[in-house]
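# Coordinate analysis (summary)
What follows is each chain in one-letter form.
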Amino acid sequence: MAHRILVLYGSYRSDRKGIRLADYVVAGLGKRGDDVELIDAKAVGLPMLDRMYKDAAPGSAPPAMESLAAKVRGADAFVFVTGEYNWGMQPGLKNLTDHFLEEWFWRPAAIVSYSAGRIAGARSGMIWHGTLSEMGMVVISSTLAVGPIEQVLNAQAQPLGDLGLRLDRDFVRFADDLAWWTEAAKMQRARKPPPY
Ligand SMILES: Cc1cc2nc3c(=O)[nH]c(=O)nc-3n(C[C@H](O)[C@H](O)[C@H](O)COP(=O)(O)O)c2cc1C
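Here's a quick rundown of the structure. (Residues numbered from 1 in each chain as written. Predicted model: local features only at pLDDT ≥ 70, side-chain atom pairs only at ≥ 80, totals over all residues. Heavy atoms only, no water.)

## Things to note about the overall build of the protein
A count of helices and strands for the protein gives seven helices and five strands. Taking 16 Å as the expected radius of gyration for a compact globule of 196 residues, we find that the protein reaches 16 Å, a close match to that expectation. Judged by the C-alpha coordinates and their principal axes, the protein covers about 50 × 35 × 25 Å. Considering only contacts within the protein whose residues lie at least 6 apart along the sequence, 79% involve residues at least 24 apart. When the accessible surface of the protein is split by element, carbon and sulfur atoms take 55% of a total near 9900 Å². Charged side chains of the protein number 23 positive and 22 negative; the gap between the two group centres comes to 2 Å. (Helix = DSSP H or I, 4+ residues; strand = E, 2+ residues; numbered from the N terminus. Rg over C-alpha atoms; globule rule 2.2 N^0.38 Å. Contact = heavy atoms within 4.5 Å. Areas by Shrake-Rupley, 256 points an atom, 1.4 Å probe, with all protein chains shown as cover. Lys, Arg positive; Asp, Glu negative; His and termini not counted. Charge placed at Lys NZ, Arg CZ, Asp CG, Glu CD.)

Right under this line is the structure:
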């Protein structure tokens, strides 16, 4: 059965490169039969938020936040595509993520990091790991670390050369692991509905 998966990406830069990786992940999961949607923080266009979704009076959250809340609640799993700015997180994705909480609970999350260099955003991936755990997601141990991003994927999100081949190979195991945890969490939610 198709899993409903959100792929979240959060660079606001005009020349952003990580969108290639987000598109690659969306296409790869889609080919496996999942029902996948890209949540591009820049396109969602939330302002710098000043209140958690749950603390907003019914109907008073920004419309984009309201529709995103429904998507997060309805998803079976999440993939966070995370770039690295000065060894840290990209603020657009953090702003979008932080202002939900219970909406994320009881589902697995996977981290796909990237950067312009060979460290491939690993430092930001590590930071996201703790954050997503704190927010009630089960972070799977399989990750993808992609770099230098422009040597791995072209502007059409197609794999390039040996590094691209390697990404294609690693993606299979990554997606298999995510599917396993997605299914496990889905079965458990059906067997024992979450208390909150
Ligand atoms: C403000 C800023 C800080 C950056 N800091 C890092 C860094 O700490 N480590 C790294 O590997 N690359 C760093 N880079 C390079 C990024 O990995 C590269 O620009 C990447 O394409 C950013 O993702 P984006 O294009 O999707 O915005 C930085 C880039 C910017 C714009």
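## Here we look at the environment of R189
The topology assignment puts R189 in helix α7 (residues 161–191). Each C-alpha atom of the pair R189 and W106 lies 7.6 Å from the other, and the pair is 83 residues apart in sequence. Residues contacting R189, with those up to four places away along its chain left out, are A75, D76, W106, R107 and P194. A polar atom in the side chain of R189 sits 3.1 Å from the side chain of D76. (Polar contact = N/O pair within 3.5 Å; in protein donor to acceptor, adjacent residues only side chain to side chain.)

## Some details on the packing of aromatic side chains
The geometry of an aromatic ring pair is captured by the separation of the ring centres together with the interplanar angle, meaning the angle of the planes. For the coordinates displayed, the defined rule picks out 12 aromatic pairs. With a centroid separation of 5.6 Å and 45 degrees between ring planes, the pair formed by Y53 and F100 is classed as tilted. Here F100 lies in the loop between α4 (91–98) and β4 (108–114) and Y53 lies in the loop between α2 (41–44) and α3 (63–74), a separation of 47 residues in the sequence. An identical accessibility class is assigned to Y53 and F100; each is buried. When the centroid spacing of 4.9 Å and the interplanar angle of 80 degrees are considered together, the rings of F78 and W104 count as edge-to-face. Residue F78 is located in strand β3 (residues 77–82), and its partner W104 is located in the loop between α4 and β4; the two are separated by 26 residues in the primary sequence. (Phe/Tyr/Trp six-rings, centres within 6.5 Å; stacked < 30°, edge-to-face > 60°. Buried < 20%, exposed > 50% of the residue type's maximum accessible area, 1.4 Å probe, protein only.)

## Some points on the sheet that holds strand β1 (residues 4–9)
The strand order across the open sheet built from five strands is β2-β1-β3-β4-β5, with neighbouring strands paired in parallel fashion. Both edges of this open sheet fall to β2 (35–40) and β5 (138–146), since each of them pairs with a single strand only. Direction aside, neighbouring strands of the sheet carry axes that sit 20 degrees apart on average. Both β3 and β4 contribute to a ladder of five bridges, which runs parallel. Note that in β4 the partner of V79 across the bridge is A110. Across the sheet, helix α5 (residues 122–134) touches β3, β4 and β5, and the angle it forms with β4 is around 165 degrees. (Pairing = 2+ DSSP bridges. Axes fitted to C-alpha atoms, helices over the stretch in contact; angles between N-to-C directions.)

## Description of the pattern of salt bridges
Tallying each qualifying case throughout the model produces 12 salt bridges. Put simply, K186 and D76 hold a salt bridge, and the shortest N to O gap is 3.3 Å. One end of the pair, K186, is in helix α7; the other, D76, is in the loop between α3 and β3, with 110 residues separating them in the sequence. As a salt-bridge pair, R173 and D177 come within 3.5 Å of each other at their nearest N and O atoms. Remark: D177 and R173 occur in helix α7; sequence separation between them is four residues, near one turn of the helix. (Salt bridge = Lys/Arg side-chain N within 4 Å of Asp/Glu carboxyl O.)

## Comments concerning the site of the ligand
In the vicinity of the ligand lie 15 residues, with S11, R13, K17, N86 and Y114 positioned nearest. At a separation of 2.8 Å, an oxygen atom of the ligand approaches a polar side-chain atom of Y9. For the ligand, whose unbound accessible area comes to 610 Å², protein coverage reaches 75%. Residues of the shell around the ligand, tallied by class, amount to five nonpolar, five polar and five charged. (Near = heavy atom within 4 Å. Nonpolar A, V, L, I, M, F, W, Y, C, P; charged D, E, K, R; others polar.)

## Points about the packing of helix α1 (residues 18–31) against α7
To describe two helices that pack against each other, one gives the angle between their axes and the distance between the axes. Interhelical geometry of α1 versus α7 gives an angle of 60 degrees and a closest axis separation of 11 Å. Comparing their axes, α7 and α1 come out oblique. Considering the relative orientation of α1 and α7, their crossing is right-handed. In this structure, α1 contributes L21, Y24, V25, G28 and L29 to the contact, and α7 contributes L167, D168, F171 and A175. (Parallel < 35°, antiparallel > 145°, perpendicular 65-115°, else oblique. Left-handed = near helix turned anticlockwise from the far one by under 90°.)

By themselves, these are just geometric observations and shouldn't be taken as functional.
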